[in-house]
Amino acid sequence: MNFDHFLKSLGDSAPPHGISEALKALWYDRREQWERAHEIVQDETDTTAAAIHAYLHRKEGDNWNADYWYRKAGRPSFKGSLDAEWSSLARGECSDD
């Protein structure tokens, strides 16, 4: 799924079938379902999930916890807007097709 298709799916009632857990978490977050997004990433162990976990805690205003997850992801703390971070994470998970 490419980024534009992913954005269009935000108008649907459920995330697209077959997308990664990372994209699913971002889909729920963008749909104002932070708790559901957090539930998805908190049980994942890869660095992408850790980066999304960091973003979610930054969005929540829990910067100490966010910094912990950025370190787990092997990334510096994101300094741009939350929208820019969400887009960067989503684009990183989307294919170019």
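Residues numbered from 1 in each chain as written. Predicted model: local features only at pLDDT ≥ 70, side-chain atom pairs only at ≥ 80, totals over all residues. Heavy atoms only, no water.

A. Focus on the pattern of salt bridges. Considering all chains together, one arrives at five salt bridges under this definition. Note that Glu-21 and Lys-24 form a salt bridge whose closest N and O atoms lie 3.2 Å from each other. Of this pair, Glu-21 and Lys-24 both sit in helix 2 (residues 21-30), separated by three residues, roughly a single helical turn. We note a salt bridge from Asp-83 to Arg-30, for which the minimum N-O separation is 2.9 Å. One end of the pair, Asp-83, is in helix 6 (residues 82-93); the other, Arg-30, is in helix 2, and 53 residues separate them in sequence. (Salt bridge = Lys/Arg side-chain N within 4 Å of Asp/Glu carboxyl O. Helix = DSSP H or I, 4+ residues; strand = E, 2+ residues; numbered from the N terminus.)

B. Inspection of the packing of helix 3 (residues 34-42) against helix 4 (residues 47-60) at higher detail. As a packed pair, helix 3 and helix 4 sit with axes 9 Å apart at the nearest point and diverge in direction by 150°. Put simply, helix 3 runs roughly antiparallel to helix 4. The two elements helix 3 and helix 4 cross, and the hand of that crossing is left-handed. Contact residues: helix 3 offers Trp-34, Ala-37, His-38, Val-41 and Gln-42, while helix 4 offers Ala-49, Ile-52, His-53, Leu-56, His-57, Lys-59 and Glu-60. Of the residues in the contact of helix 3 with helix 4, the class split is six nonpolar, four polar and two charged. (Axes fitted to C-alpha atoms, helices over the stretch in contact; angles between N-to-C directions. Parallel < 35°, antiparallel > 145°, perpendicular 65-115°, else oblique. Left-handed = near helix turned anticlockwise from the far one by under 90°. Contact = heavy atoms within 4.5 Å. Nonpolar A, V, L, I, M, F, W, Y, C, P; charged D, E, K, R; others polar.)

C. Structural view of the nonpolar core. If you look at the biggest cluster of nonpolar residues, it comprises 29 residues, and the most contacted ones within it are Phe-6, Leu-23, Leu-26, Ile-52, Leu-56, Trp-86 and Ala-90. It is helix 4 that provides the largest number of residues to this core, a total of seven residues. Ignoring anything within four residues of it in the chain, the contact list for Ala-90 reads Phe-3, Phe-6, Leu-23 and Leu-26. (Core = buried A, V, L, I, M, F, W, Y, C linked by side-chain atoms within 4.5 Å. Buried < 20%, exposed > 50% of the residue type's maximum accessible area, 1.4 Å probe, protein only.)

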